[in-house]
Amino acid sequence: MASAASDGPILETEGLTKEFRGFVAVADVALKVRRGTIHGLIGPNGAGKTTCFNLLTKFLPPTRGSIRYDGRDITGMKPAEVARLGLVRSFQISAVFPHLTVLENVRVALQRARGASFDFWRSESLLKSFDARAMELLDDVGLTGYAKLTAGELPYGRKRALEIATTLALEPQMLLLDEPTAGMTHEDVDRVIALVKRVAAGRTVLLVEHNLKVVAGLCDTITVLTRGRVLAEGDYAAVSANPEVQAAYLGTDPGVSGGH
Amino acid sequence: MADGTSIAASGPLGGQTEKEAFLGFTRPQAIAFLVMVAFVLVSPFFLYPVFLMKILCFALFACAFNLLIGYVGLLSFGHAAYFGMGAYVTGYAAKAWGVPPELAILMGGAIGAALGLPFGWLAIRRAGIYFSMITLALAQMVYFFSLQAPFTGGEDGIQAIPRGTLFGIFDLTADLTMYWLVAAVFLAGFLLIHRIVHSPFGQVMKAIRDNEPRATSLGYRVEQYKLLAFVLSAALAGIAGGTKSLVFNIATLTDVHWTMSGEVVLMSLVGGLGTIFGPVVGAAVIVTMQNYLAEFGAWVLVIQGAIFIACVLAFRRGILGEIAHALRVKL
């Protein structure tokens with residue numbers, strides 16, 4: 001997945017800072033995510049990974065700094081607008097619509113292609129035109145047999161797969177994944193890693209991860225955060241050889257070799 | 001509205017396929033619908049039509065309320081404002097301007113929508129209990145406005161509202177004739193709500209109910225969807241209130257009082273939040289109770305309170321919600 005196309009960063013932050021009543025969660029972060037790469041954002045617990053993630057997707061407003069996506073300043077935008085530009089996020093807790101069926105979950109994302117759906121007087125049967133594409137996406141993540149099931153009844157790992165299928169339905173240019181393997185069994189972790197690799201083709205992925213084993217085989221570039229600051233950046237070999245990283249992250253975290 | 005949605009979470013369905021029967025109803029829903037229509041058609045020949053009309057008006061009101069709590073996850077505690085103002089405006093138009101009943105009822109719906117637009121716009125800025133409190137506060141303002149405004153008649157309300165002549169043909173003075181109008185309004189409202197829930201808009205509504213941040217991350221501007229749902233719900237509540245004022249020839253402060261907002265919550269809860277038929281059953285149960293227990297005076301409220309507690313503790317899904325859960329179908 002090494003990037004042949006390095007025509008400038010797709011996502012770029014400058015001096016990105018978030019303070020919560022004096023507590024600095026993210027401090028002066030300059031992040032550059034190259035187009036077409038899988039970029040990992042790692043760090044020990046409380047390093048500010050999720051805060052950083054929420055800033056990038058506009059779910060939190062930054063205290064200072066700017067964010068540019070695809071040549072556009074998105075610092076002042078709302079989350080729904082950012083999503084419309086093709087920058088789509090996932091959530092740490094599996095984010096499905098539990099009372100909709102698995103098929104409807106994906107379809108509600110495909111439905112976005114209609115523009116706004118304010119037509120309350122029309123029958124939902126007109127959404128059936130999206131069913132074929134929805135089934136393709138479910139097929140992609142191995143959920144074909146689950147289409148009619150209520151999403152809330154899926155096992156955890158499958159919910160993650162459904163979430164990815166829903167995200168892909170938007171055909172995003174860039175995917176932001178928040179700890180996609182959190183709380184998963186070994187078997188599920190491997191399945192999700194394979195899935196991320198597959199969907200990353202032709203896209204850019206930024207992945208927040210706690211689990212080093214996951215980023216090692218997956219990411220082209222890794223940024224290490226500690227206490228809200230960028231500690232190191234580079235490929236896995238360079239980052240893991242960095243003594244500061246070892247002290248701050250590897251040294252203190254017993255779960256390095258695959259803690260989950 | 002984490003709590004509200006968990007109550008509303010009556011959707012069972014273990015992987016079974018839903019076959020559509022007609023009008024977008026699943027088969028169990030279609031059966032329930034036919035039973036309901038049969039009851040609406042036959043009951044006036046056995047039961048007192050005015051009592052039945054009261055049930056139908058409240059059933060529509062409860063369905064309108066349920067559209068918000070059951071399908072968007074928004075608990076409004078101020079729906080009396082739309083119901084009561086609908087009653088006032090329909091009553092005033094019919095009495096003072098001699099507006100025909102069909103138009104007067106529509107005006108009741110229009111005032112519901114007109115109030116719902118700014119009120120909803122303000123309330124959806126907040127979530128959960130704060131949303132409910134804002135709707136309550138705004139409804140209280142409407143109550144005091146109704147107490148002071150000249151056209152509402154203050155403590156007396158608007159009395160002797162004429163039922164008028166429908167389309168200039170049907171004289172509605174006879175209870176049975178009036179009944180058919182109320183039945184038609186109720187069924188039309190019910191089917192409209194069913195359609196809203198099962199429209200492209202309804203899909204987004206339910207997605208927002210289930211997981212609002214996720215709906216946002218898919219690129220939906222959730223405030224706009226919430227606002228439209230709010231206005232639709234308020235408009236239907238206004239229609240229910242307007243129809244009721246014609247039935248009873250009176251529009252009073254009772255209709256805008258906060259206890260009316262509470263009653264509609266109770267009806268929906270007893271019947272089953274998030275089920276399409278639940279609020280109808282809930283309204284029938286509560287109105288029947290109020291009628292037959294009227295001799296106990298203030299004790300009606302105590303009994304209602306006890307039922308409310310029993311509902312919350314013992315059968316959180318409500319009557320229809322529990323039945324649907326037991327049969328593993330959607331109702």
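Since the model is a prediction, treat every value here as computed from it, not as a measurement.

1. Things to note about the overall build of chain A
At step 1: Broken down by element type, chain A carries nine helices and eleven strands.
At step 2: Against the 2.2 N^0.38 benchmark of 18 Å for 260 residues, chain A shows a C-alpha radius of gyration of 19 Å, consistent with a compact globule.
At step 3: Viewed in the frame of its principal axes, chain A has a C-alpha envelope of about 60 × 40 × 40 Å.
At step 4: Classification of the 260 residues of chain A by burial places 54% in the buried group.
At step 5: Pairs at least 24 apart in sequence give 68% of the contacts found in chain A among residues at least 6 apart.
At step 6: Accessible area for chain A stands at about 10,800 Å²; split by element, carbon and sulfur atoms hold 52% of it.
At step 7: A gap of 4 Å separates the mean positions of the 30 positive and 29 negative side-chain charges of chain A.

2. Side note on the pattern of salt bridges
At step 1: Under the counting rule described, the total for this entry stands at 13 salt bridges over all chains.
At step 2: Notably, a salt bridge pairs A:Glu12 with A:Lys32, separated by 3.5 Å at the nearest N-O pair. Of this pair, A:Glu12 sits in strand β1 (residues 9-20) while A:Lys32 sits in strand β3 (residues 32-34), and the two are 20 residues apart along the sequence.
At step 3: Across the salt bridge formed by B:Lys244 and B:Asp255, the nearest N and O atoms sit 2.7 Å from each other. Note that B:Lys244 is positioned in helix α10 (residues 222-248) and B:Asp255 in the loop between α10 and α11 (258-271), a separation of eleven residues in sequence.
At step 4: The exposure class assigned to B:Lys244 is buried, which follows from its relative accessible area of 12%.
At step 5: Salt bridges sharing partners connect three or more residues here, namely A:Arg133, A:Glu136 and A:Glu171.

3. Brief notes about the side chain of A:Arg160
Residues and elements named next belong to chain A.
At step 1: Relative to the helices and strands, Arg-160 is located in helix α5 (residues 156-168).
At step 2: Within the local environment of Arg-160, its side chain forms a polar contact with the backbone oxygen of Glu-179, the two atoms lying 3.3 Å apart.
At step 3: Once residues lying within four places of it in the same chain are set aside, the contact partners of Arg-160 are Ser-90, Phe-91, Gln-92, Ser-94, Asp-178, Glu-179, Pro-180, Ala-182 and Met-184.

4. Digging into the nonpolar core
At step 1: Counting residues in each nonpolar core, the largest one holds 166 residues, and the members touching the most others are A:Val106, A:Leu162, B:Phe186 and B:Phe190.
At step 2: Looking at which element gives the most residues to this core, the answer is helix α3 (residues 49-71) of chain B, with 19 residues.
At step 3: Sequence-distant contacts of A:Leu162, defined by excluding residues within four places in its chain, comprise A:Val96, A:Val102, A:Asn105, A:Val106, A:Leu138, A:Leu143, A:Ala151 and A:Leu154.
At step 4: Within the second largest apolar cluster, 23 residues are counted, among which are A:Leu11, A:Leu31, A:Tyr69 and A:Val82.

5. Focus: the packing of aromatic side chains
All names here are of chain B.
At step 1: Here the structure, examined in full by the defined rule, presents 22 aromatic pairs over all chains.
At step 2: Where Phe-45 meets Trp-180, the ring centres are 6.2 Å apart and the plane angle is 45°; that geometry is what we call tilted. With Phe-45 in the loop between α2 (27-42) and α3 and Trp-180 in helix α7 (residues 175-197), this residue pair connects regions lying 135 residues apart in the sequence.
At step 3: A relative accessible area of 56% means that Phe-45 is categorised as exposed.
At step 4: Judged by its relative accessible area of 35%, Trp-180 falls in the partly exposed class.
At step 5: Ring geometry for Phe-131 against Phe-230: centres 6.1 Å apart, planes inclined by 80°, an arrangement best described as edge-to-face.

6. Brief notes about the packing of helix α4 (residues 80-96) of chain B against helix α5 (residues 101-123) of chain B
Residues and elements named next belong to chain B.
At step 1: Where α4 meets α5, the axes come as close as 8 Å, and the angle between the chain directions of the two elements is 140°. Relative to α5, the element α4 lies oblique. At the point where α4 passes α5, the crossing takes the right-handed sense. Here Ala-81, Tyr-82, Met-85, Gly-86, Val-89, Thr-90, Ala-93 and Ala-94 of α4 lie close against α5, whose contacting residues are Ala-104, Ile-105, Met-107, Gly-108, Ile-111, Gly-112, Leu-115, Gly-116 and Phe-119.
At step 2: In terms of residue class, the contact of α4 with α5 is made up of twelve nonpolar, five polar and no charged.

7. Observations concerning the interface of chain B and chain A
At step 1: Counting from both sides, the interface comprises 33 residues of chain B and, opposite them, 42 residues of chain A.
At step 2: Surface buried jointly by chain B and chain A totals about 3,300 Å² across both partners, of which 59% is contributed by carbon and sulfur atoms.
At step 3: In this structure, the connection of chain B to chain A is made through zero salt bridges.
At step 4: Taken together, the links from chain B to chain A amount to 16 residue pairs in polar contact (both at pLDDT 80 or more).
At step 5: Secondary structure elements with two or more residues in the side of chain B that touches chain A: α7, α8 (200-210), α9 (212-217) and α10 of chain B.

8. Some remarks on a nonpolar patch on the surface
All names here are of chain B.
At step 1: Together, Phe-39, Leu-41, Val-42, Phe-45, Phe-46, Leu-47, Leu-176 and Trp-180 make up an exposed nonpolar region whose accessible area comes to about 810 Å².
At step 2: Contributions of two or more residues to the nonpolar patch are made by α2 and α7.
At step 3: Top contributing element to the nonpolar patch by residue count: α2, with three residues.
At step 4: As for its position among the elements, Leu-47 is in the loop between α2 and α3.
At step 5: A relative accessible area of 34% means that Leu-47 is categorised as partly exposed.

9. A word on the pairing of strand β11 (residues 229-234) of chain A
Residue and element names in this part refer to chain A.
At step 1: Across five bridges, strand β10 (residues 221-226) lies against β11 in antiparallel orientation. The partner of Thr-226 across the bridge, within β11, is Arg-229.
At step 2: Joining the antiparallel neighbours β10 and β11 is a turn of two residues, in which Arg-227 adopts a positive phi near 45°.

10. Some words on α11(B)
All names here are of chain B.
At step 1: Between its first and last C-alpha atoms α11 spans 20 Å; for 14 residues at 1.5 Å apiece the expected length is 20 Å, and the two agree.
At step 2: Of all 14 residues making up α11, eleven are buried, and the element is well covered by its neighbours.
At step 3: Among the residues making up α11, those that are buried are Met-260, Ser-261, Glu-263, Val-264, Val-265, Leu-266, Met-267, Ser-268, Leu-269, Val-270 and Gly-271.
At step 4: Just past α11, the residue Gly-272 takes up positive phi, approximately 130°.

The rules behind each value
- Residues numbered from 1 in each chain as written.
- Chains lettered and ligands numbered in written order.
- Predicted model: local features only at pLDDT ≥ 70, side-chain atom pairs only at ≥ 80, totals over all residues.
- Heavy atoms only, no water.
- Helix = DSSP H or I, 4+ residues; strand = E, 2+ residues; numbered from the N terminus.
- Rg over C-alpha atoms; globule rule 2.2 N^0.38 Å.
- Buried < 20%, exposed > 50% of the residue type's maximum accessible area, 1.4 Å probe, protein only.
- Contact = heavy atoms within 4.5 Å.
- Areas by Shrake-Rupley, 256 points an atom, 1.4 Å probe, with all protein chains shown as cover.
- Lys, Arg positive; Asp, Glu negative; His and termini not counted.
- Charge placed at Lys NZ, Arg CZ, Asp CG, Glu CD.
- Salt bridge = Lys/Arg side-chain N within 4 Å of Asp/Glu carboxyl O.
- Polar contact = N/O pair within 3.5 Å; in protein donor to acceptor, adjacent residues only side chain to side chain.
- Core = buried A, V, L, I, M, F, W, Y, C linked by side-chain atoms within 4.5 Å.
- Phe/Tyr/Trp six-rings, centres within 6.5 Å; stacked < 30°, edge-to-face > 60°.
- Axes fitted to C-alpha atoms, helices over the stretch in contact; angles between N-to-C directions.
- Parallel < 35°, antiparallel > 145°, perpendicular 65-115°, else oblique.
- Left-handed = near helix turned anticlockwise from the far one by under 90°.
- Nonpolar A, V, L, I, M, F, W, Y, C, P; charged D, E, K, R; others polar.
- Buried area = accessible area lost by both parts, 1.4 Å probe.
- Patch = residues over 30% accessible without salt bridge, like charges linked within 9 Å, V, L, I, M, F, W, Y side chains within 5 Å.
- Pairing = 2+ DSSP bridges.
- Expected span 1.5 Å × (residues − 1).

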